[in-house]
Amino acid sequence: MAIISELFDDTKFIIRFRSKLMKQQMELNKLAPKTGDLAPDFTLYDISGTESVTLSDFRGVKPVALVFGSYT
Amino acid sequence: MGIQQLYEQNHKDVQFLNIYIREAHPIDGWWLGRRLTKTLIKWKFPYPKASMEHYDPITIEERRAVAGECQSALQYGVRTYVDEMDDYVNNAYAAWPTRLNLVDLDGRVIYAGGLGPYDFKPAKLKAAIETYLAVQRG
């Protein structure tokens, strides 16, 4: 019974949270660069915080594949 | 096809950048549940190395530390760069929770993947890379 209750609570939470986040993300998605747009430039540091990379440094050098994600 | 395989096949011709952004399912956010739900989700979704045990980092040092754990766990072989705490890059690309893009030599987007996880498709990125390189080689 406790397991079913846990499953039910978790499912309710996941669905509610998902609706909220997906709505926000859909709004942001409208502003995301589309095919043909200039890719927003950026400079970021690696996990050590010492080595940086700037997207525009690769212009004329190599095309760039951007892989966005996280651990969870 | 996974990112690692894509990287191994194309890294000489394409620069791969792994951009670590805000957590998708932190414990203090859209957490994917406790014992049973977590088990069911891990069984259903093919992301065996994803973590379900992290809080959303609140400092850049914390985010870099978690990104480092992720890099070690996934072993893509692709260097990871970490979005700053203002989430600038994440917002600029509407990247959360996960997305793929391909940028050409002129700095233009030539492949804009859909929102992950359902539209996170390495096979489509592969096709875009192959098409672009074929055109470049003439």
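We now turn to the structure provided with this report.

Per the secondary structure count, chain B includes five helices and four strands. When the helices and strands of chain B are listed from N to C terminus, the series reads α-β-α-α-β-α-β-β-α. The proportion of buried residues among the 138 residues of chain B is 39%. Put simply, of all contacts in chain B between residues at least 6 apart along the chain, 57% involve residues at least 24 apart.

What follows covers the overall build of chain A. Assigned secondary structure in chain A consists of one helix and three strands. Overall, chain A shows an N-to-C arrangement of helices and strands of α-β-β-β. Projected onto the principal axes, the alpha-carbon positions of chain A cover approximately 60 × 30 × 15 Å. Looking at chain A as a whole, 21% of its 72 residues qualify as buried.

Turning to the interface of chain B and chain A, a few remarks are in order. Counting residues at the interface gives 65 residues for chain B and 44 residues for chain A. Of all the elements in the fold, those that place two or more residues in the side of chain B that touches chain A are strand 1 (15–20), helix 2 (35–44), helix 3 (60–74), strand 2 (80–82), helix 4 (88–93), strand 3 (99–103), strand 4 (109–112) and helix 5 (122–137) of chain B. The greatest single-element share of the side of chain B that touches chain A, amounting to seven residues, is contributed by helix 3 of chain B. Grouping the amino acids of the side of chain B that touches chain A by side-chain chemistry returns 40 nonpolar, 14 polar and 11 charged. Here six bridges tie strand 3 (residues 64–69) of chain A to strand 1 of chain B, and the two strands are oriented parallel to one another. Counted as the bridge partner of glycine 69 of chain A is tyrosine 20 of chain B from strand 1 of chain B.

If you look at the biggest cluster of nonpolar residues, it comprises 41 residues, and the most contacted ones within it are Ala65, Leu66 and Val67 of chain A together with Ile19, Leu102 and Leu125 of chain B. If you tally residues by element for this core, the top one is strand 3 of chain A, at five residues. For isoleucine 19 of chain B, the contacting residues outside a window of four places in its chain are Leu44, Leu66, Val67 and Phe68 of chain A together with Tyr81, Asp83, Val89 and Ala95 of chain B.

Spatial ordering of the open sheet is given by 2(A)-1(A)-2(B)-1(B)-3(A)-3(B)-4(B), a layout of seven strands whose pairing is mixed. Both outer strands of the open sheet, strand 2 (52–54) of chain A together with strand 4 of chain B, are each paired with one neighbouring strand and no more. Each neighbouring strand pair of the sheet contributes to a mean axis angle of 30°, computed without reference to strand direction. Where helix 5 of chain B meets the sheet, it contacts strand 3 of chain A together with strand 3 and strand 4 of chain B, and its direction lies at approximately 5° from that of strand 3 of chain B.

With that settled, consider the packing of helix 1 (residues 3–10) of chain B against helix 5 of chain B. Residue and element names in this part refer to chain B. Interhelical geometry of helix 1 versus helix 5 gives an angle of 15° and a closest axis separation of 10 Å. Classed by the angle they form, the pair helix 1 and helix 5 counts as roughly parallel. For the element pair helix 1 and helix 5, the recorded crossing hand is right-handed. Contact residues: helix 1 offers Ile3, Leu6 and Asn10, while helix 5 offers Pro122, Leu125, Lys126 and Ile129. Across the contact of helix 1 with helix 5, the residue classes break down as five nonpolar, one polar and one charged.

Okay, the pairing of strand 3 of chain B next. Most of strand 3 of chain B sits out of view: five of its five residues are buried. Sheet topology note: the strand 3 of chain A/strand 3 of chain B ladder contains five bridges and is antiparallel. Within strand 3 of chain B, the residue paired with leucine 66 of chain A across the bridge is asparagine 101 of chain B. With three bridges joining them, strand 3 of chain B and strand 4 of chain B adopt antiparallel strand pairing. Pairing of asparagine 101 of chain B across the sheet is with alanine 112 of chain B, part of strand 4 of chain B. Counting the residues that bridge the hairpin from strand 3 of chain B to strand 4 of chain B gives five residues, and of these glycine 107 of chain B lies at a positive phi of roughly 85°.

Each value, and the rule that gives it
Residues numbered from 1 in each chain as written. Chains lettered and ligands numbered in written order. Predicted model: local features only at pLDDT ≥ 70, side-chain atom pairs only at ≥ 80, totals over all residues. Helix = DSSP H or I, 4+ residues; strand = E, 2+ residues; numbered from the N terminus. Buried ≥ 20, exposed ≤ 12 C-beta atoms within 10 Å, placed from the backbone. Contact = placed C-beta atoms within 7 Å. Nonpolar A, V, L, I, M, F, W, Y, C, P; charged D, E, K, R; others polar. Pairing = 2+ DSSP bridges. Core = buried A, V, L, I, M, F, W, Y, C linked by C-beta atoms within 7 Å. Axes fitted to C-alpha atoms, helices over the stretch in contact; angles between N-to-C directions. Parallel < 35°, antiparallel > 145°, perpendicular 65-115°, else oblique. Left-handed = near helix turned anticlockwise from the far one by under 90°.

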